[in-house]
Each structure stands twice: as C-alpha cells, then as structure tokens.
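A closer look at the structure
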Amino acid sequence: MLKKFITTLALIVASLSFTSVAYAEHHGMKKDIVDVAAENGSFNTLVAAIKAAGLVDTLKGEGPFTVFAPTDEAFAKLADGTVESLLKPENKDKLAAILTYHVVAGKVMAADVVKLDSASTVQGQMVTIKANYGNVMVNNAKVIMTDVKASNGVIHVIDTVLLPK
C-alpha cells in the first residue's frame, strides 16, 4: 500500500516538477546535472545513489554528459531490498558501476539519440538504442522525457533502471 502511494506521489511530483526545470532554465538559472536532478523531486533515489557511490563531484564536473536518469518509480520496480542493499557502503563499487552505466560521455540530444543503435557508457559497456513508432528504448527502458538541459550536459528520463551485464 505504501509503495503504491509513493509511486503515485512520484508521478504527481514528476509532472509538476518538470515544469519547474523548464521555468528555472527559462530564467537563466542553469544548474548542473546533479542540481537539476536534486531539485526536480522525481529523482530522490538516483540522487541518494549518486551520493552513496561518490559520484557527485564527477557529475557536477565539466562534462558534457548524457544521463539516462531513472525516476524514483523506476527504482521502485527493482526487487524489494535491492536499492537499500546497493546504498550500503560495502556495495559502493557495484552501485557506481550501475550508475555509470546510465552515463554517456558527450551531450547527446534526442534528435541525435534516435539516429543511434547503441552507445558506449562511462561504465564501459554498450547500451542498445531503438526508436520505434515515436518511442525510444535504451535497453529495456523507455525514454519518457528528453532533453532536460543542464549546464554540463543533458538528461533523458527513463522508466526502468539499466543494469549492466
């Protein structure tokens, strides 16, 4: 019941908070990828994971980066206890590998993503990219929002956490 409430709340917050990102950008207050994600409200789990993995400074760096960012709802799809386990200090390396699998070096806008069939991640493995009938898939994750701009790159929002092989 609580999980369903949190999921519903995340959807409501997501729809409201993307408006604020556009609004802030419109007024010239460009933020880096971590700040955009943190202020959005739909990426609380992702931001906590970035902190736990020690990747804040990296993702606040010059970049540019393209981040396929899973929402809180995407993290909620993982098996019970997975997120809690990954956030433990002893799993820092595994968490960092998962998170860097969501990052591509360079700024790849949606218009460019649809021309690709794969991309090399910062983690080292490739992700597959498919564009069909107006939908873009990165591995098994659907891109649900594109081109959320940050001062050091771009975020494409996805509905599923990508897991490296």
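Above this text is the structure in question.
The notes below deal with the structure included here. (Residues numbered from 1 in each chain as written. Predicted model: local features only at pLDDT ≥ 70, side-chain atom pairs only at ≥ 80, totals over all residues. Heavy atoms only, no water.)

1. Side note on the overall build of the protein chain
Within the protein chain, the regular secondary structure consists of 8 helices and 7 strands. Per-residue burial for the protein chain yields a buried fraction of 43% across its 165 residues. Pairs at least 24 apart in sequence give 65% of the contacts found in the protein chain among residues at least 6 apart. Surface summary for the protein chain: the accessible area is close to 8,900 Å², and the carbon and sulfur share equals 59%. (Helix = DSSP H or I, 4+ residues; strand = E, 2+ residues; numbered from the N terminus. Buried < 20%, exposed > 50% of the residue type's maximum accessible area, 1.4 Å probe, protein only. Contact = heavy atoms within 4.5 Å. Areas by Shrake-Rupley, 256 points an atom, 1.4 Å probe, with all protein chains shown as cover.)

2. Some points on the pairing of strand β7 (residues 153-158)
Across the 6 residues that make up β7, a large majority, 6, are buried. Across 6 bridges, the pairing between strand β1 (residues 65-70) and β7 is parallel. Bridged to P70 within β7 is I158. Sheet analysis places strand β6 (residues 141-150) next to β7, joined by 5 bridges and oriented antiparallel. Pairing of V143 across the sheet is with I158, part of β7. (Pairing = 2+ DSSP bridges.)

3. With respect to the sheet that holds strand β3 (residues 118-120)
The strands that make up a sheet pair up through hydrogen bonds in the backbone, lying either parallel or antiparallel. If you trace the 7 strands from one edge of the open sheet to the other, you get β2-β1-β7-β6-β5-β4-β3, paired in mixed fashion. With partners counted over all chains shown, the strands left at the sheet margins are β2 (103-105) and β3, one partner each. Within the sheet, the average angular offset between the axes of one strand and its neighbour, ignoring direction, is 30 degrees. (Axes fitted to C-alpha atoms, helices over the stretch in contact; angles between N-to-C directions.)

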